Amino acid sequence: MIEPHAPAPPGAPPSWTGPARLPVRPGTGRFLVLVCVFVCAACGLVYELELVAFASYLMGDPVTQASVVLSVMVFAMGIGSLGAKRLRCHAAAGFGAVESALALIGGCSAMALYAVFAWTAGWGGMWADGPRCLLVAFSLAIGLLIGAEVPLLMELIQRIRRQDAGGAVADLFAADYVGALVGGLAFPFLLLPFLGQLTGALLTGTVNVVAGGALVLGLFRRDLTRRARWTLLLAGLTVLGVLACAAALAGDFERAARRAVYGPDVRVAVQTGVQEVVLAGGTHGEPLDLFLDGRLRVGGRDEHRYHEALVRPALAGPHTRVLILGGGDGLAAREVLRHPGVRRLDIVELDPGLVRLARRDPGLSALNGHALADPRVRVTTADALTWLREARGPAYDVVISDLPDPGITAGAKLYSQEFYGLTRRVLAPDGRLAVHAGPVAARPRAFWTVAATLRAAGFAVSPYRVPGHGSACAAGPEASRAPHDWGFLLAARGDAAPALRVGRGRAGTLTQAGLTADARAAERTRVSGVPVSTLVHPRY
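The structure presented is a predicted model; accordingly, all values stated were derived computationally and were not measured.

## Looking at the overall build of the protein
Okay, so step 1: Looking only at helices and strands, the protein features 14 helices and 13 strands.
Okay, so step 2: Taking the contacts inside the protein whose residues are at least 6 apart along the sequence as the reference set, 75% of them involve residues at least 24 apart.
Okay, so step 3: For the protein, the computed accessible surface area is about 23,700 Å², with 61% contributed by carbon and sulfur atoms.

Okay, here's the thing in structure tokens:
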């Protein structure tokens, strides 16, 4: 099916017609082609990472989204390489056209995805999977164009100086892979934190079209007809104009899209380097909603239900020294400090940007009662698992795990048997561990998997849950994903499950989870297909 030396179609000029007429020496021309390979490879990888990041933020499940984007792109690259064989006779013009199209599609892909998700994700019906379909379409189109680059660049580099195929491929792929490395490092460390996703993608498209246009119109201009030169020049200028207009409007567009996604009261939207943090409301008596990477983390209308249910049962016993894993928003700390007898509260939070907002933002700091300013509180910015491995000193009476839902694959290690084993090491013999284990009604298998993991780590558990207001606590497309309840596990060392005081408080009624036959059956069943299940002992 794949012919290494496919014959040219009848009537077509041969692919090799002698050395190209270059305005520079062949050695310099060859170096410039490899520089263009380097730049194009960096841009191509940035496009891939942009799609993966946007899909993860807006649609969740980063492993699935990354798998879809990368697999579709690699498949499309193969098809694009095959299709580019027909353009080898006009390699310079074909490469210029491919780079213009790639710069336009790749540069605008982030903005188009954001627009579709923000304004159409709630339509439902036939368009319920519209954003995912568009993600696949962009992955396919960008992959086809990236795949077409390599055969055309190979033809151009051979037009400068004929050499053996192995040597040409080695040089081309060396520049390509080094460029991919630079693009892969530039995206998380430069483009994303300093420019943001939209402007970063638009700048990448600009670099892409300039590099491709400079190579073709500067180095290989004598291989082009007058008409081809003007056509490529106008196409490149048009793409640059579109990208420049989009960059000028990016700020207003992003604010409008955020209001469509998170509601009209968005006040703060920052990329901290760890995650995107969005605060909506929280001033003039309005409830505050906190979103982390597009997921509702705190719903202001009923956040007290969640945090009181998480903290109150665990502090029913001794609570002189308390440790919170996560909880950088300061809301769990607020509940802990309500209890007399707390002499020291340690908080281990990965994201220093979230901690800064919890201290300085007027809405969030008022909601947490300025808990992080209390002299009893010590905040450490570190990964919770790493911190537990290195923890030394007196044991804690209470450990509270205020971490993202176990259904989020990136946080699966924070619900592993190793994690709870390290937590057990820093817990006093009569201490208690409270774990947020996700919604019981929506994801019962994940909930009971966390319970099984705790048992495997040597804990006895008492499951319970508290009802929430569901979609009433969220705005925009996120409203449909807001939990209708929160599930928790109260754990203690040994075989005796800790006593759970069920009653009423500011959060309402705490009800013990697992009272239905379905829930008990789920607990007895071997769990599979849950993100953390592979980290659980196979027997309950």
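## So, the packing of aromatic side chains
Working definition: an aromatic ring pair is given by the centre-to-centre distance plus the angle between the planes.
Okay, so step 1: According to the stated counting rule, one finds ten aromatic pairs in the structure shown.
Okay, so step 2: Their ring planes at 45° and their centres at 5.7 Å tell us that Phe-173 and Tyr-177 sit as a pair that is tilted. Within this pair, Phe-173 and its partner Tyr-177 are both found in helix H5 (residues 165–219), separated by four residues, close to a single helical turn.
Okay, so step 3: For Phe-173, a relative accessible area of 33% corresponds to the partly exposed category.
Okay, so step 4: Owing to a relative accessible area of 54%, Tyr-177 belongs among the exposed residues under this scheme.
Okay, so step 5: Ring geometry for Phe-447 against Trp-448: centres 5.0 Å apart, planes inclined by 85°, an arrangement best described as edge-to-face. Accessibility assignment for this pair places Phe-447 and Trp-448 in one class, buried.
Okay, so step 6: Connected via pairs of aromatic rings, a cluster forms that spans Phe-54, Tyr-114, Trp-119 and Phe-253.
Okay, so step 7: Over the ring of Tyr-396 we find Arg-321, and its NZ or CZ is 4.7 Å from the ring centre.

## Let's talk about the confidence of the model for the protein
Okay, so step 1: Residues of the protein with pLDDT of at least 70 account for 84%, and the chain-wide mean is 83.
Okay, so step 2: Predicted confidence is poor over residues 1–8, with pLDDT under 50, and the contacts of this stretch with residues over four places away or in other chains come to four contacts.
Okay, so step 3: The low-confidence segment residues 470–481, where pLDDT is below 50, has 35 contacts with residues more than four positions distant or belonging to other chains.

## Comments concerning the nonpolar core
Okay, so step 1: Within the largest apolar cluster, 69 residues are counted, with the highest numbers of intra-cluster contacts made by Val-33, Phe-95, Tyr-114, Leu-215 and Phe-220.
Okay, so step 2: At the level of elements, helix H1 (26–59), helix H2 (62–83), helix H3 (91–120), helix H4 (130–160), H5, helix H6 (226–262) and strand E2 (276–281) are the ones that each hand at least two residues to this core.
Okay, so step 3: With 13 residues, the single largest contributor to this core is H1.
Okay, so step 4: Look past the residues within four positions of Phe-95 in its chain and what remains in contact with it is Cys-36, Cys-40, Glu-149, Leu-152, Leu-153, Leu-156, Gly-212, Leu-215 and Val-216.
Okay, so step 5: Grouped together as the second largest cluster of nonpolar side chains are 40 residues, Leu-292, Leu-315, Trp-486 and Leu-490 included.

## Considerations on the sheet that holds strand E6 (residues 344–349)
Okay, so step 1: Strand order across the open sheet formed by seven strands is E7-E6-E5-E8-E9-E11-E10, with mixed pairing between neighbours. Looking along the sheet, the strands with just one partner apiece sit at the ends: strand E7 (377–381) and strand E10 (459–467). The average angle at which neighbouring strand axes cross in this sheet is 15°, direction not considered.
Okay, so step 2: Sheet topology note: the E10/strand E11 (residues 485–493) ladder contains nine bridges and is antiparallel. Across the sheet, the residue bridging to Ser-462 is Leu-490, located in E11.
Okay, so step 3: Seen against the sheet, helix H12 (residues 417–425) touches strand E5 (321–326), strand E8 (396–402), strand E9 (427–436), E10 and E11 and runs at an angle of roughly 140° to E9.
Okay, so step 4: Lying over the sheet, helix H13 (residues 444–456) contacts E9, E10 and E11, oriented at roughly 155° with respect to E10.

Definitions and limits used
- Residues numbered from 1 in each chain as written.
- Predicted model: local features only at pLDDT ≥ 70, side-chain atom pairs only at ≥ 80, totals over all residues.
- Heavy atoms only, no water.
- Helix = DSSP H or I, 4+ residues; strand = E, 2+ residues; numbered from the N terminus.
- Contact = heavy atoms within 4.5 Å.
- Areas by Shrake-Rupley, 256 points an atom, 1.4 Å probe, with all protein chains shown as cover.
- Phe/Tyr/Trp six-rings, centres within 6.5 Å; stacked < 30°, edge-to-face > 60°.
- Buried < 20%, exposed > 50% of the residue type's maximum accessible area, 1.4 Å probe, protein only.
- Lys NZ or Arg CZ within 6 Å of the ring centre and 35° of its normal.
- pLDDT = per-residue confidence, 0-100.
- Core = buried A, V, L, I, M, F, W, Y, C linked by side-chain atoms within 4.5 Å.
- Pairing = 2+ DSSP bridges.
- Axes fitted to C-alpha atoms, helices over the stretch in contact; angles between N-to-C directions.

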